[in-house]
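Summary of structural features
The chain contents come next:
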Protein chains: 2
Amino acid sequence: MQLTDRQKLILTLIIHEHIRTAQPVGSKSLVEKYNLAMSSATVRNEMSVLTDYELLRQPHTSAGRVPTEEGYRFFVGNLVQQSGLPTNTRRTITHQFYQSRQDIEQWLRLAASVLANQSQAASLVTAPHAEKAIFKHLELIATRGRQVLMVLVLMGGEIRQQFISLSEPVSQERLSVIAAQISNMCVRCDVEKISRMRTQTDALGKDILDILIAEMTLIEESTTGEIYLDGMTNVLSEPEFAESDEARQALHILEERSLLENLLASTVMNIDVGGIQVLIGGEGTWQELRQCSIVLARYGDPDTLTGSIGVLGPIRMPYDRTISTVRFVANVLSDLVTETLAV
Amino acid sequence: MQLTDRQKLILTLIIHEHIRTAQPVGSKSLVEKYNLAMSSATVRNEMSVLTDYELLRQPHTSAGRVPTEEGYRFFVGNLVQQSGLPTNTRRTITHQFYQSRQDIEQWLRLAASVLANQSQAASLVTAPHAEKAIFKHLELIATRGRQVLMVLVLMGGEIRQQFISLSEPVSQERLSVIAAQISNMCVRCDVEKISRMRTQTDALGKDILDILIAEMTLIEESTTGEIYLDGMTNVLSEPEFAESDEARQALHILEERSLLENLLASTVMNIDVGGIQVLIGGEGTWQELRQCSIVLARYGDPDTLTGSIGVLGPIRMPYDRTISTVRFVANVLSDLVTETLAV
DNA sequence: TTTAGCACTCTCGCCTTGAGAGTGCTAAAA
DNA sequence: TTTTAGCACTCTCAAGGCGAGAGTGCTAAA
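To keep things clear, this report deals only with the structure shown in the data block. Here, residues in each chain are numbered from 1, in the same order as that chain's written sequence. Key to labels: chains lettered from A, ligands numbered from 1, both in the order written. In view of the model being predicted, local features appear only for residues whose pLDDT reaches at least 70, and side-chain atom pairs are presented and counted only at 80 or more, with totals across whole chains, interfaces and linings using the full set of residues. Hydrogens are left out, water is left out, and the side-chain values use all remaining heavy atoms of the structure.

**What about the overall build of chain A?**
Think of it this way: any DSSP run of H or I at least four residues long counts as a helix, any run of E at least two long counts as a strand, and we number them from the N terminus. When helices and strands are tallied, chain A shows 13 helices and 11 strands. In terms of overall size, chain A is more extended than a compact globule, its C-alpha atoms giving a radius of gyration of 26 Å where 343 residues would be expected to give roughly 20 Å. Along the three orthogonal principal directions, the C-alpha set of chain A runs to about 85 × 40 × 35 Å. For every residue, the accessible area obtained with a 1.4 Å probe (protein chains only) is divided by the maximum for its type, and the residue is called buried under 20%, exposed over 50%, and partly exposed between those limits. Going through the 343 residues of chain A one by one, you find that 54% of them count as buried. In what follows, residue pairs with any heavy atoms lying within 4.5 Å of each other are defined as contacts. Sequence-distant contacts in chain A: of pairs separated by 6 or more residues, those separated by 24 or more amount to 60%. Note that accessible areas follow from Shrake-Rupley with a 1.4 Å probe, and for residues the cover is restricted to the protein chains shown. On chain A, roughly 14,900 Å² of surface is accessible, and the fraction owed to carbon and sulfur atoms is 47%. Of the charged side chains in chain A, 31 are positive and 41 negative; the average position of the first set lies 4 Å away from that of the second. Note that the radius of gyration is over C-alpha atoms, with the globule rule given as 2.2 Å times the number of residues to the power 0.38. In this charge count, Lys and Arg are treated as positive and Asp and Glu as negative; neither His nor the chain ends contribute. Every charge is mapped onto a representative atom, which is NZ of Lys, CZ of Arg, CG of Asp or CD of Glu.

**Let's talk about the protein's contact with DNA strand C**
Looking at DNA strand C, there are 19 residues lining it, with A:Arg6, A:Thr42, A:His60, A:Ser62 and B:Ser27 nearest. Polar contact is the term for a pair of N or O atoms within 3.5 Å; when the atoms are in protein, one must be able to donate a hydrogen and the other to accept it, and sequence-neighboring residues count only if both atoms are side-chain atoms. Here A:Arg6 contributes a side-chain N or O atom positioned 3.1 Å from a phosphate oxygen of DNA strand C. Between DNA strand C and the protein, one listed contact pairs a phosphate oxygen with a side-chain N or O atom of B:Ser27 at 2.6 Å. Counting residues per element, the ones that place at least two in the surface near DNA strand C are α3 (40–52) of chain A together with α2 (27–34) and α3 (40–52) of chain B. Ranked by residues supplied to the surface near DNA strand C, first place goes to α3(A) with three residues. Working definition: residue near molecule or strand if any one of its non-hydrogen atoms lies within 4 Å of it.

**Side note on α3(A)**
Residue and element names in this part refer to chain A. Expected span of a helix: the number of residues minus one, times 1.5 Å. The end-to-end C-alpha distance of α3 is 18 Å, a good match for the 18 Å that 13 residues give at a rise of 1.5 Å each. Inspection of α3 places Ser 40, Val 43, Glu 46, Met 47 and Leu 50 among the buried residues, and these make up the whole buried set. Around the axis of α3, the buried residues are gathered within 120° of arc, so they sit on the same side. Facing away from the buried side of α3 by more than 90 degrees, the exposed set consists of Asn 45 and Asp 52. As for α3, its buried residues are in contact with α1 (5–21), α2 (27–34) and β1 (56–57). Where α3 terminates, the next one or two residues include Glu 54, which has phi positive at roughly 65°. Our arc is simply the arc of the directions from the helix axis toward the C-beta atoms.

**A closer look at the sheet that holds strand β5 (residues 135–144) of chain A**
All names here are of chain A. Strand pairing follows a simple DSSP-based rule, namely that at least 2 bridges must link the two strands. The sheet built from three strands is open, its strands ordered β5-β6-β7 with antiparallel pairing. Edge positions in the open sheet fall to β5 and β7 (159–165), since each of these has one partner strand only. Pairs of neighbouring strands in the sheet enclose a mean axial angle of 20°, with direction left out of account. Across seven bridges, the pairing between strand β6 (residues 147–154) and β7 is antiparallel. Opposite Val 151, over in β7, you have Gln 161 as the bridge partner. In this analysis an axis means a line fitted to C-alpha atoms, helices contributing only their contacting stretch, and an angle means the value between N-to-C directions, from 0 to 180 degrees.

**Things to note about the protein's contact with DNA strand D**
Within the structure, DNA strand D sits among 20 residues, and A:Ser27, B:Thr42, B:His60, B:Thr61 and B:Ser62 are positioned closest to it. The contact atoms of DNA strand D, taken as those within 4 Å of the protein, divide so that sugar and phosphate hold 78%. B:Thr61 is positioned such that a nitrogen or oxygen atom in its side chain is 3.3 Å from a phosphate oxygen of DNA strand D. Taken together, the elements giving at least two residues each to the surface near DNA strand D come down to α2 and α3 of chain A together with α3 of chain B.

Laid out in structure tokens, this is it:
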């Protein structure tokens, strides 16, 4: 499908106008609004062609045109110009990051907040996560009785904390010794290697190693780290969401962690750090997302630690701006992650 | 204001019916629906009295009655019977808790999820938080270069992790020694006591202590720990939220952490563990909550660690059931917290 | 190839209208 | 004194009719 420049222009303008107004766009109003150097009849003819190509759609005879999902896809794939964010926006965002506490959690929260505010939509950010869990450090802290707090640090800075119940009370001194022992023994080891070390410790050490192995396996099996959401309410004022129940179901995907993990696993996990993926109208697969689009990116260090960020909004979304924002925030996070967390 | 038994009955029935249907309730339909042993005219007279008391309201002449906020308050204060949850519901909930991973974070998430599902509304759970920050354990883990991961454990099990930049690179060995030193020296101390210890260490130790003190001060100043939300989408299908923009603003309060902290600070912080507070229609103070009610409770150990849980839904909320649920979940959490986290 | 002109279509807001639900009042019954 | 039947009145809401407005497609001329 090869479009003439004029057809591209008209498609672009219709999408712009529709994004602005959420209404079907007519030929006459389009010519007037943008002072086009052609008559409305010409525009009508072109619209007719674009409708044949299934890039536009008429809600009913004698209404204006609305872009189809295919139309948006063509737009995003071919017509969006990579504007990049205005310099002062970039500066504001960067500034916020360097002003916040130096803490990965704060950064991720901030990233979610920035995405939500800049795009006026819902945003999600997953914590960086390594495909392979490599042990770094173990800490055991007595609380009381047989309850012990286990803090596990992985290469890359992922931290997991968990209460464990030992079969009998153990003093903090003994716990510290064991933790140091295990830390020394296992540093830079993966699950398999650690499994083979079970024989090298006493009974208590074995118990702890078992729990450690279970935990590391669990981490390795999960596809993402912690998920941060923001801006869910932004999207509620959009007419699509205010009206249809269906659109609201999309927010349910964000809330239900398992659904969201599935979605991420089958989309963004395949793209490269630095790349952008745009999911328009659920792409036929995701029923709940039929009225939504998602702009996704991956950040981090491709070989070790990666995470995802994304923006969820109505299909009628200002893609150019959103894509720029997502790309920029992904880059900022990549920088922060490789600077502070790399192995 | 003293109501006769019959007036109380009628008020209760109207509230029940209105909660069910979200519509104004008329005298005739009420008599028919509940097979009342009186005529609709009698009901009308009583309704008229209740309207004079401002417990009921007419949306317009010749419409049925709707409970006022005052009406709901009277209902919650005087007429709600403490039914308690059905035994099998209690069992299901308890079961879920003891089946989940033994991990405070999982419990809190689960609590939010249970509240949201049981009440079909939005829920919030804050992590247990001590008024006074008491040091328990410090861990320093080298990442690379001058970046160090600091893990701070407080009495009660609150854990904070943060990246810090030292002025020069330090080996993991030295970091471990310093961490052990500080851990020994400061265990069971509060911020003031630790501040006075700054002289007892070398330059590096001083730097770390400073950061430690700053962090503990920050923790002490904050009113709540981490906040877990769930079920935001539940509430979106209620007519109040589907229609008015105003109701949707209420969800914004949940999203904006600072707003939520304010709200909690000025309400639930004052009630005792085991007590329940019901905020109806924002109580005149919280504009954004005018169309919502919140049922709040505190859990934990009154003297040391406490957190809040709550449910946010439309004013038209099944208070008896919601209150029972919130109370029950608060008790479960209290048990878990005192069992595993107490000093 | 573009454009002016025209007949035609469809939505949307506005109005009217009638049914339905509910109220308050009054006078009779308990 | 309290309760109830009866009745006139009020207000909403859904349905139908109507006209204005916006938009389309087609045709013939520029």
